[in-house]
Amino acid sequence: MKLFAYGTLRRRGRIEALVGRRLDEPVPAVLEGYRLYDTGRGYPVILPEPGHRVQGVVWTIDEADLGYLDHYEGADEDPPYYYRRMVQVQVAGRPVEAVVYVGNPEVFDRLVPLEAY
């Protein structure tokens, strides 16, 4: 399965530590219809926003990795910091289905729009 990463999960060391193994090289990708925001906590979130796009990378992961990633992203918290969603990203001009972690705006007291990360 594919994971679209736009923040700390773009870092090889971080994601490989979470999944416990070496991953193939990620490929550049773009997610349309979302915007990147600074949370003031050292990591960004994305939120749906027509007319915007987020650049990131796509990793190939196993479905079993999602539990580790959900925990890291706080998707298993109450309330969750992120929601895991399926989206379509563009990789080399082609659509690819990928999992992404979308921020929960209700848990962040600071959200400043960013143009690039």
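Counting from 1, residues in each chain are numbered in the order their sequence is written. Only residues with pLDDT of at least 70 are given local features in this predicted model, and only at 80 or more are side-chain atom pairs given and counted; all residues enter the totals for whole chains, interfaces and linings. By convention in this description, side-chain values take in all heavy atoms of the structure and omit both hydrogens and water.

Asker: Please explain the overall build of the protein as it appears in this structure.
Answerer: The helix and strand tally for the protein stands at two helices and six strands. Of the regular secondary structure in the protein, the N- to C-terminal order runs β-α-β-β-α-β-β-β. Computed over C-alpha atoms, the radius of gyration of the protein comes to 13 Å, within 12% of the 13 Å expected from 2.2 N^0.38 for 117 residues, which places it in the range of a compact globule. Along the longest, intermediate and shortest principal axes, the C-alpha atoms of the protein span 35 × 35 × 20 Å. Looking at the protein as a whole, 43% of its 117 residues are labelled buried. Whether two residues are in contact is decided by their heavy atoms: any pair within 4.5 Å suffices. Of the contacts formed within the protein by residues at least 6 apart in sequence, a portion of 65% connects residues at least 24 apart. Note on areas: Shrake-Rupley with a 1.4 Å probe; residue coverage comes only from the protein chains shown. Carbon and sulfur atoms form 49% of the exposed surface of the protein, whose accessible area is close to 6500 Å². Here a helix means four or more residues in a row that DSSP labels H or I, a strand means two or more in a row labelled E, and each is numbered from the N terminus. Note on method: radius of gyration uses C-alpha positions; expected globular size equals 2.2 Å times residues raised to 0.38. Relative accessibility under 20% of the residue-type maximum defines a buried residue, over 50% an exposed one, and the middle range a partly exposed one, all with a 1.4 Å probe and only protein chains included.

Asker: When you look at the packing of helix H1 (residues 12-19) against helix H2 (residues 66-73) in this model, what are you seeing that I'm missing?
Answerer: Angle between the axes and distance between the axes: these two values describe a pair of packed helices. Note on definitions: angles span 0 to 180 degrees between N-to-C directions of axes, and those axes are lines fitted to C-alpha atoms, for helices only across the stretch in contact. It is the contact of H1 with H2, at a shortest axis distance of 8 Å, that shows an interaxial angle of 120 degrees. Looking at the two axes, H1 sits oblique to H2. Touching Arg14, Ile15, Leu18 and Val19 of H1 are Tyr68, Leu69 and Tyr72, all from H2. Residue composition of the contact of H1 with H2, grouped by class: six nonpolar, no polar and one charged. Any angle that is under 35 degrees is reported as roughly parallel, and any over 145 degrees as roughly antiparallel; angles of 65 to 115 degrees are reported as roughly perpendicular and all others as oblique. Classes in brief: Ala, Val, Leu, Ile, Met, Phe, Trp, Tyr, Cys and Pro nonpolar; Asp, Glu, Lys and Arg charged; the others, Gly included, polar.

Asker: Please clarify how the pattern of salt bridges should be interpreted in this entry.
Answerer: Close approach of charged atoms allows side chains with opposite charge to pair. Basic side-chain nitrogens of Lys or Arg form a salt bridge, by our definition, when they fall within 4 Å of a carboxyl oxygen of Asp or Glu. Applying the stated rule across the entire model yields nine salt bridges. Taking the shortest distance from any N to any O, the salt bridge between aspartate 70 and arginine 84 comes out at 2.6 Å. On the criterion of sequence distance, the pair formed by aspartate 70 in helix H2 and arginine 84 in strand S4 (residues 82-91) is long-range, its members being 14 residues apart. By relative accessible area, which is 36% here, arginine 84 ends up partly exposed.

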